[in-house]
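Observations on chain architecture
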Amino acid sequence: MRGLNMTTAINRERLAATFSELCEISSPSRKEGAMVACLKEKFAALGADSIYEDDSAVHTGSESGNLIIRFNGTMAGQEGFFLSCHMDTVEPANGVQVVRTGDIFTSKGETVLGGDDKSGIAAIIELFTILQETNSPHPMIELVITTCEEIGLLGAKSLDHSRIQTKYGYALDSCGIDQVIVGAPAANKITVRIKGLAAHAGLCPEAGINALALAADALNRLRLGRLDGESTCNFGVIQGGVAANIIPEQMILKGEVRSHDSTKLWQYTREIVKTFETTVASWQGNPATGDKRPLVTFDIVDDYPALALAADTPVVKRIQKASAGIGKDLQFIIAGGGSDANIFCGYGLPTAIVATGMNKVHSIDEQLDLGDLVSLTELLHALATISG
Ligand SMILES: [Zn+2]
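Everything in this summary refers to the structure shown in the same document. (Residues numbered from 1 in each chain as written. Predicted model: local features only at pLDDT ≥ 70, side-chain atom pairs only at ≥ 80, totals over all residues. Heavy atoms only, no water.)

Concerning the overall build of the protein
- From N to C terminus, the protein includes 11 helices and 17 strands.
- With the C-alpha coordinates aligned to their principal axes, the bounding extent of the protein is approximately 85 × 45 × 35 Å.
- When burial is assessed residue by residue, the protein has 49% of its 388 residues classed as buried.
- Element-wise, carbon and sulfur atoms account for 51% of the exposed surface of the protein, whose accessible area totals about 16,600 Å².
- When the 32 basic and 46 acidic side-chain charges of the protein are each reduced to a single mean position, those positions are 4 Å apart. (Helix = DSSP H or I, 4+ residues; strand = E, 2+ residues; numbered from the N terminus. Buried < 20%, exposed > 50% of the residue type's maximum accessible area, 1.4 Å probe, protein only. Areas by Shrake-Rupley, 256 points an atom, 1.4 Å probe, with all protein chains shown as cover. Lys, Arg positive; Asp, Glu negative; His and termini not counted. Charge placed at Lys NZ, Arg CZ, Asp CG, Glu CD.)

What follows is the structure, given as structure tokens:
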């Protein structure tokens, strides 16, 4: 019966209006100020017990901090949880105009829609509107709404997570619907700098050390792409050189390794370092270069930790129980991406990623089906109202 009551309580048109309203507040990364103001107002009206904006803006360069919002709830003694979304979007995001055709939302075609990740925020607002209207008992629910997710999880990395009282949560931030991501890889970012020696390519090529040729040689020796069932490697950027008639002196290469296994992550990272070092060391000089040698240096950033949630952990069990209670079949999957949830896991806050119905994200063709948004809200309502 609860399922029936809850379905009636979700107001599709109100949810649609909230979603459109949020999408039309432009909030590309670092320009989340208007969105923060809007969310503070909305959650205050919904009776939040605490609305806190952290001081991460000094680290992220955003107009705003992350929001940590708490609803204490009335089910004392019941374990609570947090829901997380990011409030920023990718570009182009200026002047988003939402077009609704039947149940499908798109932008007008010049910007992204912003369903990534405003679909999650809209569902949360509808959830608390229903909880308030129906005066439903629920445990403590915290909301962690971050900035700058799209430019390297910057908000989450600077989050004042000591403020979070609940022990686990759900990041509403993935394509598709009725899917829960319970595994995602860790990643290392690798910047390689190769220093050669400039020389005129026509007049005295012998006097040069070609950093581009060394980079190409090293890349050729590397294993790229899928390294094994749980690891990948890519080099995606190469920068350097001045002109076709100058032996290039410096090359900067940017790459990454991802793995679900942190031992392998570092093993592959070391392999990359060794390959560049060996390649550069094997460079053969000549009388014109004298005692000059090429150099290679590395900058390795531990970008985010792995997300790995076992089936018997409270975070997974709660969402299984919630979905079973409303007859929803969820798929539990392993993904290849990194998101805020990885960072929260690194803080000791197990976080599963829940699909919101967002579709064709990071493009001007982005879409969202209202039916999926309703379905997500049903799941959130079940999460909030079952006994943990
Ligand atoms: Zn996202």
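Having seen the structure, we can now continue with the description.
Comments concerning the packing of helix H7 (residues 211-221) against helix H8 (residues 262-281)
- Axis separation between H7 and H8 bottoms out at 9 Å; the angle between their running directions is 135°. It follows that H7 is oblique to H8 by the angle criterion. In this structure, H7 crosses over H8, and the sense of that crossing is right-handed. On H8, the residues touching Leu214, Asp217, Ala218, Leu219 and Arg221 of H7 are Thr275, Phe276, Thr278, Thr279 and Val280.
- By residue class, the composition of the contact of H7 with H8 is five nonpolar, three polar and two charged. (Axes fitted to C-alpha atoms, helices over the stretch in contact; angles between N-to-C directions. Parallel < 35°, antiparallel > 145°, perpendicular 65-115°, else oblique. Left-handed = near helix turned anticlockwise from the far one by under 90°. Contact = heavy atoms within 4.5 Å. Nonpolar A, V, L, I, M, F, W, Y, C, P; charged D, E, K, R; others polar.)

Topic: the side chain of Thr377
- By secondary structure assignment, the location of Thr377 is in helix H11 (residues 370-385).
- On the accessibility criterion, Thr377 (0% relative accessible area) is buried.
- Here Thr377 is in contact with Ile10, Leu15, Ala123, Glu126, Leu127 and Ile130, once residues within four sequence places are set aside.

A look at the pattern of salt bridges
- Per the stated rule, a full pass over the model turns up 18 salt bridges.
- We note a salt bridge from Asp160 to Arg163, for which the minimum N-O separation is 3.8 Å.
- When the shortest N-O distance is used, the salt bridge between Lys328 and Glu378 registers 3.7 Å. Placement of Lys328 in the loop between helix H9 (314-325) and strand E15 (331-334) and of Glu378 in helix H11 is noted, with a sequence separation of 50 residues between them. Each member of the pair Lys328 and Glu378 is classed as buried. (Salt bridge = Lys/Arg side-chain N within 4 Å of Asp/Glu carboxyl O.)

Thoughts on the layout of surface pockets
- Its boundaries defined by the atoms lining it, the largest pocket holds a volume of some 360 Å³.
- In terms of lining, the largest pocket is formed by 22 residues, of which the most central are Lys189, Gly255, Glu256, Arg258 and Asp303.
- Sorting elements by how many residues they give to the lining of the largest pocket places strand E9 (residues 186-195) first, with five residues.
- Classifying every residue of the lining of the largest pocket gives seven nonpolar, eight polar and seven charged.
- Quantified by volume, the second largest pocket comes out at close to 290 Å³.
- What lines the second largest pocket is a set of 19 residues, and nearest its centre among them are Asp116, Glu149, Asp173, Gly338 and Ser339. (1 Å grid on protein atoms, 1.4 Å probe; cavity = no way out; pocket = protein on both sides within 12 Å on 5 of 7 lines; lining within 4 Å. Points joined across faces, edges and corners; volume = space filled by probe spheres on them.)

Comments concerning the environment of Gly80
- Locating Gly80 in the fold gives a position in the loop between strand E2 (67-71) and strand E3 (81-86).
- For the pair Gly80 and Leu159, spaced 79 residues apart in sequence, the C-alpha separation works out to 20 Å.
- In this structure, Gly80 is in contact with Pro139, Met140, Thr166, Tyr168 and Arg318, ignoring residues within four places of it in sequence.

Structural notes on the sheet that holds strand E11 (residues 231-240)
- The five strands lie next to each other as E10-E11-E12-E9-E13, forming an open sheet whose pairing is antiparallel. In this open sheet, the two strands that pair with only one neighbour each are strand E10 (225-228) and strand E13 (295-304). Taken over all neighbouring pairs, the strand axes of this sheet differ in orientation by 20° on average, direction set aside.
- Here E10 pairs with E11 via three bridges, running antiparallel. Residue pairing for E11: Arg226 is matched across the bridge by Thr232.
- Sheet strands in contact with H7 are E9, E11 and strand E12 (250-259), and its direction is about 20° off that of E12.
- Across the sheet, H8 is in contact with E9, E10, E11, E12 and E13; its angle to E13 comes to roughly 165°. (Pairing = 2+ DSSP bridges.)

So, the sheet that holds strand E4 (residues 98-101)
- Spatial strand order, E4-E5-E17: three strands in an open sheet with antiparallel pairing. Looking at strand neighbours, the two that pair on one side only are E4 and strand E17 (367-369), the edges of this open sheet. Pairwise comparison of adjacent strand axes, ignoring direction, gives a mean angle of 25° for this sheet.
- In this sheet, strand E5 (residues 104-107) lies alongside E4 in antiparallel orientation, the contact comprising four bridges. Among the inter-strand pairings, Val98 is bridged to a residue of E5, identified as Ser107.
- Lying over the sheet, helix H2 (residues 12-23) contacts E4, E5 and E17, oriented at roughly 150° with respect to E4.

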